Amino acid sequence: MSGGLFWGSAASPRPIDWACLFLHEHWFETYGHTLRIWGLMARPMIFTLDPVAIRHILSSPAYEKGEAIRHQLGELVGQGLLFVEGADHKKQRRVMNPAFGPLQVRRFTETFVSKTNEMRDLWMDLCSRNTTRSDGFLRIDGFAWLNKVTLDIIGLAGFDYNIDSLHASEDAPNALNEAVRTLFSFSITLSVVLQIFIPPLRKLPTKRVRETAKAKAEITEIGMRLIAEKKAAILSEVSSGASLEKKDIQGNDLLSLLIRANLASDLPESARLSDRDILAQVPTFLVAGKLRDELLAVPTGSPTEAELDHLPYLDAVVRETLRLHSPVYGSEREAAQDDVVPLKTPYTGTDGVAHHEIHVSKGDLIAIPITTMNRSVAFWGEDAHEFRPERWFDLPESVKELPGAWSNQMTFLGGVHACIGYRFSVAEMKALMFVIARSFEFKLAVSPVDIMRKSMIVGRPALSSNPAAGAQLPLLIRPVGN
Ligand code: HEM
């Protein structure tokens, strides 16, 4: 595995994209399911697909996110739940959990569906005025539209804040939308990599550093205003009546739920979060946005969560999409102490000896290969790389070993840091797919091989023929039955 001292075993400073996935799959095929590579600056990193080892690492307090990845996360989403570790993490998670429970998420379905219906109406209107093609198809950027609708949804569901980017004109974009876009609109260049790994360089006032600071200040200002308003509303409600208990928290948005849970009288003083801690959760919320026959058989265009949940093919399509195209490619952990990691399957070392466990030293990095596990032939069978929703009606036993928090897959990770927003995302995705697939035929407007994946924590589609144009997904749409 060549690449040099600086880039380690990786061939080049590529962002985490398909090339990276294929490289990792090639390593596993060539060297076995557990291996050690030399990472950036010749730092050792353990790569394993072993489900017992990954379960251990994700649930043991001996592992935390490493400094470099925490710096990146801190830059992008601040010091919220995604960033903190140990006791701080436990404290934040305790207050936040109730807001993301199944009952709370059920209430958001109306918002998911009604916002997507607004987008559908805008698309219908554009299609009706479209004269560009004789077959009635209209070219749109699916990525830009989904960004808008999911931002509007999280605005309402997250903060009861009407961003309305769906209706904002191109010349007067929403300030919050622009701030989020700025944070995520860069690719990994040499200077970014150097700043990630050489902390003193982070102080250099590059254009990127200035833009990020401005975007973060914008989000902080809006977030603080929202927190103050909601806290005042909740406190005035409480002062007029009985005390607030955690079990009866209610409210229409995630932020109110969080503030209420934090003010609950049965929460010990030491377990409460500061306003700064609550504010720190806001950016994470902001970034986090055969079928047709089944959907057309539903008599309403505004289904409830229960109706959406009883559509088996929609369910399988959502699971399969999230498995094959997991938005987060992978994560990483750093050993905070020496440890012995159990294995399901022994590996053969360069010494030719079979090892039944991995000996980890403090400071070692461990890759958590989310997408690679989701697409591994060893778990999913020979057709692991194919999009085949039917697999969900007859899953192989082997996938039941995967330590994912949801649906036998690693997409939302597992263990103590498993995604808190998975129910929200799955319900949102079902609503989006329901409305779009029921109303429109759609296909790619470019060749599938032109679609590449660019990752900056989360993967986005871009065009290999024009990566500089940034994230986009050119689609052709036309109303069903046209
Ligand atoms: C398809 C959409 C999503 C995917 C694929 C996803 C994936 C993930 C993954 C892989 C992690 C673990 C990161 C790590 O520890 O290395 C995570 C954590 C987290 N996610 Fe999500 N997420 C999604 C949507 C959301 C949404 C909508 C929210 C909030 C509204 C959210 C909030 C969080 C938070 C707060 C954490 C940190 C949890 C902790 O450390 O305890 N996510 N997510």
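Residues numbered from 1 in each chain as written. Predicted model: local features only at pLDDT ≥ 70, side-chain atom pairs only at ≥ 80, totals over all residues. Heavy atoms only, no water.

1. What to know about helix 7 (residues 142-159)
No. 1: Counted at 1.5 Å a residue, the expected span for helix 7 with its 18 residues is 26 Å, and the 25 Å between its end C-alpha atoms agrees.
No. 2: Here helix 7 lies mainly inside the structure; 14 of its 18 residues are buried.
No. 3: Its side-chain oxygen at 3.1 Å from the backbone nitrogen of Phe143, Asp141 defines the N-terminal cap of helix 7.
No. 4: Asp160 lies just past helix 7 and shows a positive phi near 55°. (Helix = DSSP H or I, 4+ residues; strand = E, 2+ residues; numbered from the N terminus. Expected span 1.5 Å × (residues − 1). Buried < 20%, exposed > 50% of the residue type's maximum accessible area, 1.4 Å probe, protein only. Polar contact = N/O pair within 3.5 Å; in protein donor to acceptor, adjacent residues only side chain to side chain.)

2. Digging into the coordination of the iron atom of the ligand
No. 1: Exactly one donor from the protein chain reaches the iron atom of the ligand: Cys419 (SG), at 2.3 Å.
No. 2: Turning to its location among the elements, Cys419 is positioned in the loop between helix 18 (377-380) and helix 19 (422-439). (Donors = N, O, S within 2.8 Å, 3.2 Å for Na, K, Ca; no water.)

3. So, the confidence of the model for the protein chain
No. 1: Averaged over every residue, the pLDDT of the protein chain is 87; the share at 70 or more is 91%.
No. 2: Predicted confidence in the protein chain is weakest over helix 1 (residues 4-7), with a mean pLDDT of 47, and strongest over helix 3 (residues 51-59), with 98.
No. 3: This stretch, residues 1-8, has a pLDDT under 50; its non-local contacts, to residues over four places away or in other chains, come to 24 contacts. (pLDDT = per-residue confidence, 0-100. Contact = heavy atoms within 4.5 Å.)

4. Description of the site of the ligand
No. 1: Of all residues adjacent to the ligand, which total 25 residues, the nearest are His89, Arg93, Ser331, His417 and Cys419.
No. 2: A distance of 2.5 Å separates an oxygen atom of the ligand from a polar side-chain atom of His417.
No. 3: Residue composition of the shell around the ligand, grouped by class: 15 nonpolar, 7 polar and 3 charged. (Near = heavy atom within 4 Å. Nonpolar A, V, L, I, M, F, W, Y, C, P; charged D, E, K, R; others polar.)

5. Examining the sheet that holds strand 12 (residues 474-479)
No. 1: Within the open sheet, the 3 strands sit side by side as 4-12-9. Their pairing is antiparallel. Two strands lie at the open edges of the sheet, namely strand 4 (138-141) and strand 9 (440-444), each paired on one side alone. When the angles between neighbouring strand axes are averaged without regard to direction, this sheet yields 35°.
No. 2: When strand 9 meets strand 12, the two strands line up antiparallel, connected through 5 bridges. Among the inter-strand pairings, Phe440 is bridged to a residue of strand 12, identified as Pro479.
No. 3: On the sheet, helix 6 (residues 102-128) packs against strand 4, strand 9 and strand 12 and is oriented at approximately 85° with respect to strand 12. (Pairing = 2+ DSSP bridges. Axes fitted to C-alpha atoms, helices over the stretch in contact; angles between N-to-C directions.)

6. Considerations on the nonpolar core
No. 1: Counting residues in each nonpolar core, the largest one holds 79 residues, and the members touching the most others are Leu286, Leu314 and Phe424.
No. 2: Counting residues per element, this core draws most heavily on helix 19, at 12 residues.
No. 3: Other than its neighbours up to four places away in sequence, Phe424 contacts Val105, Phe108, Phe112, Ile153, Ile154, Ala157 and Leu254.
No. 4: The next biggest cluster of nonpolar side chains, apart from the first, holds 36 residues, and it includes Leu49, Ala62, Leu395 and Leu413. (Core = buried A, V, L, I, M, F, W, Y, C linked by side-chain atoms within 4.5 Å.)

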